[in-house]
Amino acid sequence: MAWGFALPFVLLFMVFMVGPVIASFAMSFTDMRSGDVKSPFAVSFVGLDNYTQMFGDEKFRRAAVNTGLFVLVGVPLTMGLGLAAAVGLNSGIRRFRTVFRAGYYLPYITSIVAVAVVWRFLLQDRQGLVNTVLGYVGIDGPDWLNSTTWALPSLIAMAAWRSMGFLMVIFLAGLQTIPRQVYEAAEMDGANSWQRFVFITLPMMRPTLLFGGVLTGIGYLQFFEEPFVMTQGGPLDSTLSVSYHLYNQFSFGNYGYATAMGYLLFVAIVVLTVAQFRLLRDKT
Amino acid sequence: MTDTIGRGPGPVVTGPVGTPVPAPSLRPSRAPSHWRVYAVMSAGLLLVTAPFLWMLLGSVKSESELRRIPPTWWPERFTLENYRELFSRLDFPVYFFNSVLVALLITLGNIAFCSMLGYALAKLEFRGKRVLFGLVIGMLMVPGMVIFVPQYVLVANLGLVNTYWGLVLPFLAGPFGVFLMRQFMSAISDELLDAARVDGAGEARIFRSIVMPLMGPGVATLGILTFLASWNNFLWPLVVAQTEDMYTLPVALALVSVDQNQTNYGLLLGGAVVVIVPIVAVFVALQRYFVQGIAMTGLKS
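Source: prediction; values computed, not measured.

What counts and how
- Residues numbered from 1 in each chain as written.
- Chains lettered and ligands numbered in written order.
- Predicted model: local features only at pLDDT ≥ 70, side-chain atom pairs only at ≥ 80, totals over all residues.
- Helix = DSSP H or I, 4+ residues; strand = E, 2+ residues; numbered from the N terminus.
- Buried ≥ 20, exposed ≤ 12 C-beta atoms within 10 Å, placed from the backbone.
- Contact = placed C-beta atoms within 7 Å.
- pLDDT = per-residue confidence, 0-100.
- Nonpolar A, V, L, I, M, F, W, Y, C, P; charged D, E, K, R; others polar.
- Domains from an automatic or database assignment.
- Core = buried A, V, L, I, M, F, W, Y, C linked by C-beta atoms within 7 Å.
- Expected span 1.5 Å × (residues − 1).
- Bend = angle between axes of the 7 residues up to and from the residue.
- Axes fitted to C-alpha atoms, helices over the stretch in contact; angles between N-to-C directions.
- Parallel < 35°, antiparallel > 145°, perpendicular 65-115°, else oblique.
- Left-handed = near helix turned anticlockwise from the far one by under 90°.

1. Examining the overall build of chain B
No. 1: When you go through chain B residue by residue, the secondary structure sums to 15 helices and zero strands.
No. 2: Each of the 301 residues in chain B was classed as buried or not, and the buried ones make up 41%.
No. 3: Long-range pairs, those at least 24 residues apart, make up 74% of the contacts in chain B between residues at least 6 apart in sequence.

Next up, the structure:
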């Protein structure tokens, strides 16, 4: 009887999700190309060739560095902004809380493609809003998306802008679990607000911060739409991501190689998640 | 939670940005710092919403005004020309229809299938239950980037490339929905279900007449989050939709925007509005379910 409830889901789930996970593992050890689609079992095994090929692939190495930078810079930046917004909302203000929360959360529900289109305009050299505003205070802004120096930071800034509201909601829920009395006791002992933040808020928020950081990191490891729409990976591959490179290899028909890269991303995600559990267990 | 989640929608996109407002004088000793918090939060809100305001204003400017240096803030002359062109010369009605249809089918499928499995996992005992739940949770970690190539090979062999079935099938049974519905279902009291069983109701009847009517908030949360994810999904429709009549909105917008021959700024901004505004409307109307969804999945996992 219970299996009757489970069956429709399980069938679809096995065929369209679990099956492909297993298949992609197998495919990553083959030389499968787009021509083999109709006979996927006729391909030859090439062992670890696809994996070793990555290390010699100049574009992949560049993409891996870019993706690493995106995560290492983007995650702390987004967490800082999200935490600041959450602390602000939780600071005892009463009016406009709903407006603030909805406003900060808004970018997170929008399509990355659509906001990337908008940001491409914002970041234009001379017609762009960003450089116009910078011009008001006498700064001559660069041509953000056509500069090998500034293109990747621009994409990171946009990602942080889009995701901070998500972390704000998660962090806000975490902040609300900290009992008021703890703060009041510290206040009586003479702790100022900065000390209360560093010695109470941050330690008590540790699990929530880690959780939010890992979720954001998992998302950022796969960044794809931003360079696809805003820079096409350029200039000079300075915004090429692993996901984008993977997609390009798929478009060229190199299915085996593309899935191998996908598996590497998966491993990175698993490592990140396991690291979170380790870190949580250490001190709590 | 002392927080009042989503009480009243409140202006979101075009609302006036509050000037710093003095704090209510309930706790006078904290009033000065409240003033600073309002100032910083308002400045932040302006920065966060500025791209949307600029998009809305830009979409009703003429092409020549959009190319002006320096750019204008307020449109000198309002025009709906961009929207007219999107919906008459370009095929945006078709893309819009495709996006709605695909998102609705995926949402309905998830509500049905995830509720059923969620009920079995939360309230019934059966062989393989733990393994199945472990598999579902494990699948939550697997990103679309890892499996889209074999999914594409599968869909191609089923002859479903460039069809609605091809766009919908791989997303009908999402692990996230099972996890969410199981959480909601666990809250139903066992006594209630046992009483129904004693009265002779079968499991199908209990599920239909007792469990699902209690699942309003759960279904709403799952429905909204699924619809949102599907509406914004990009990679899979980019791969599967190969002719223009199958494009969804994000695919159409992205491909128009990277087309070297198509550099009409107004059309692109108007297109972005068409993708963003429907979701924002849903969000404003049903905000508390979004927040509930995050709270349920984020903090109890």
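Still more ground to cover, so stick around.
2. Let's talk about the overall build of chain A
No. 1: Along chain A, the regular secondary structure elements total 13 helices and zero strands.
No. 2: For chain A, the spread of C-alpha atoms along the three principal axes comes to 75 × 65 × 35 Å.
No. 3: Of all 284 residues assigned to chain A, the portion counted as buried reaches 47%.
No. 4: Considering only contacts in chain A between residues 6 or more positions apart, those separated by 24 or more positions represent 70%.

3. With respect to the confidence of the model for chain B
Residues and elements named next belong to chain B.
No. 1: For chain B, per-residue confidence averages 82 on the pLDDT scale, and 84% of positions sit at 70 or higher.
No. 2: When pLDDT is averaged over each helix and strand of chain B, the minimum, 64, is found for helix α15 (residues 287-299) and the maximum, 95, for helix α7 (residues 164-168).
No. 3: This model gives residues 1-31 a pLDDT under 50, and the stretch forms 51 contacts once residues within four places in sequence are excluded.
No. 4: For this predicted complex, the interface confidence score (ipTM) comes to 0.88, while the overall pTM stands at 0.86.

4. Thoughts on the interface of chain B and chain A
No. 1: Taken together, the contacts link 86 residues of chain B with 78 residues of chain A.
No. 2: Looking at the side of chain B that touches chain A, the elements with two or more residues in it are α1 (31-59), α4 (92-123), α5 (129-140), α6 (144-157), α11 (216-232), α13 (249-258), α14 (265-285) and α15 of chain B.
No. 3: The element contributing the most residues to the side of chain B that touches chain A is α1(B), with 13 residues.
No. 4: When grouped by side-chain class, the residues that make up the side of chain B that touches chain A number 65 nonpolar, 16 polar and five charged.

5. Looking at the environment of B:S115
Residues and elements named next belong to chain B.
No. 1: Along the chain, S115 falls in helix α4.
No. 2: Take S115: there are 26 C-beta atoms within 10 Å of it, and that puts it in the buried class.
No. 3: Placed 104 residues apart in sequence, S115 and V219 show a C-alpha to C-alpha distance of 8.1 Å.
No. 4: For S115, the contacting residues outside a window of four places in its chain are M181, M212 and M215.

6. Focus: the domain arrangement of chain B
All names here are of chain B.
No. 1: Segmenting chain B into domains produces domain 1 (32-86) and domain 2 (91-299).
No. 2: Each of domain 1 and domain 2 has a C-alpha centre, and these two points are 32 Å apart.
No. 3: With twelve residues of domain 1 in contact, the opposing surface of domain 2 contributes eleven residues.
No. 4: At the level of secondary structure, the elements contributing two or more residues to the side of domain 1 that touches domain 2 comprise α1, α2 (63-66) and α3 (81-88).

7. Description of the environment of B:Y164
All names here are of chain B.
No. 1: Residue position: Y164 is located in helix α7.
No. 2: Taking the C-beta count within 10 Å as the criterion, Y164 has 15 such neighbours and is therefore assigned partly exposed.
No. 3: Taking the C-alpha atoms as reference points, Y164 and A241, separated by 77 residues in sequence, lie 8.7 Å from one another.
No. 4: Residue contacts for Y164: discarding those within four places in its chain leaves L101 and V102.

8. Describing the nonpolar core
No. 1: Among the nonpolar cores identified, the biggest contains 168 residues, and A:F9, A:V118, A:M168, B:L117 and B:A272 are the most heavily contacted of them.
No. 2: Tallying contributions element by element places helix α7 (residues 151-175) of chain A first for this core, with 16 residues.
No. 3: Each of two domains, domain 1 (32-86) and domain 2 (91-299) of chain B, supplies a minimum of three residues to this core.
No. 4: Look past the residues within four positions of B:A272 in its chain and what remains in contact with it is A:A114, A:V117, A:V118, B:M55 and B:L253.

9. Some words on α6(B)
Residues and elements named next belong to chain B.
No. 1: Between its first and last C-alpha, α6 extends 19 Å over 14 residues, near the 20 Å set by a 1.5 Å rise per residue.
No. 2: Along its length, α6 shows its largest kink, about 30 degrees, at P150.
No. 3: Burial analysis of α6 places eleven of its 14 residues in the buried class, which makes it a mostly covered element.
No. 4: Among the residues making up α6, those that are buried are M145, V146, I147, F148, V149, P150, Q151, Y152, V153, L154 and V155.
No. 5: One or two steps after α6, the chain reaches G159, where phi turns positive at roughly 70 degrees.

10. Digging into α11(B)
All names here are of chain B.
No. 1: Across its 17 residues, α11 extends 24 Å between first and last C-alpha, which sits within 8% of the 24 Å expected from 1.5 Å per residue.
No. 2: With twelve of its 17 residues buried, α11 lies for the most part within the structure.
No. 3: The complete set of buried residues in α11 reads G218, V219, T221, L222, I224, L225, T226, F227, L228, S230, W231 and N232.

11. A few points about the packing of helix α3 (residues 58-89) of chain A against helix α10 (residues 206-221) of chain A
Residues and elements named next belong to chain A.
No. 1: Contact pair α3 / α10: the axes reach a minimum separation of 9 Å and the direction vectors enclose 140 degrees. The pairing of α3 with α10 is recorded here as oblique in orientation. Handedness of the crossing formed by α3 with α10: right-handed. Two secondary-structure elements touch here, α3 through T67, F70, V71, G74, V75, T78, M79 and G82 and α10 through L209, G212, G213, T216, G217, Y220 and L221.
No. 2: Taken together, the residues that form the contact of α3 with α10 break down as seven nonpolar, eight polar and no charged.

12. Things to note about the packing of α4(B) against α11(B)
Residues and elements named next belong to chain B.
No. 1: Relative orientation of the contacting elements α4 and α11 amounts to 145 degrees, with a least axis distance of 9 Å. In the packing of α4 onto α11, the handedness of the crossing is right-handed. Along its contact with α4, which presents S99, V102, A103, I106, T107, N110, I111 and C114, the element α11 presents V219, L222, G223, T226, F227, S230 and W231.
No. 2: For the contact of α4 with α11, the per-class residue count stands at nine nonpolar, six polar and no charged.

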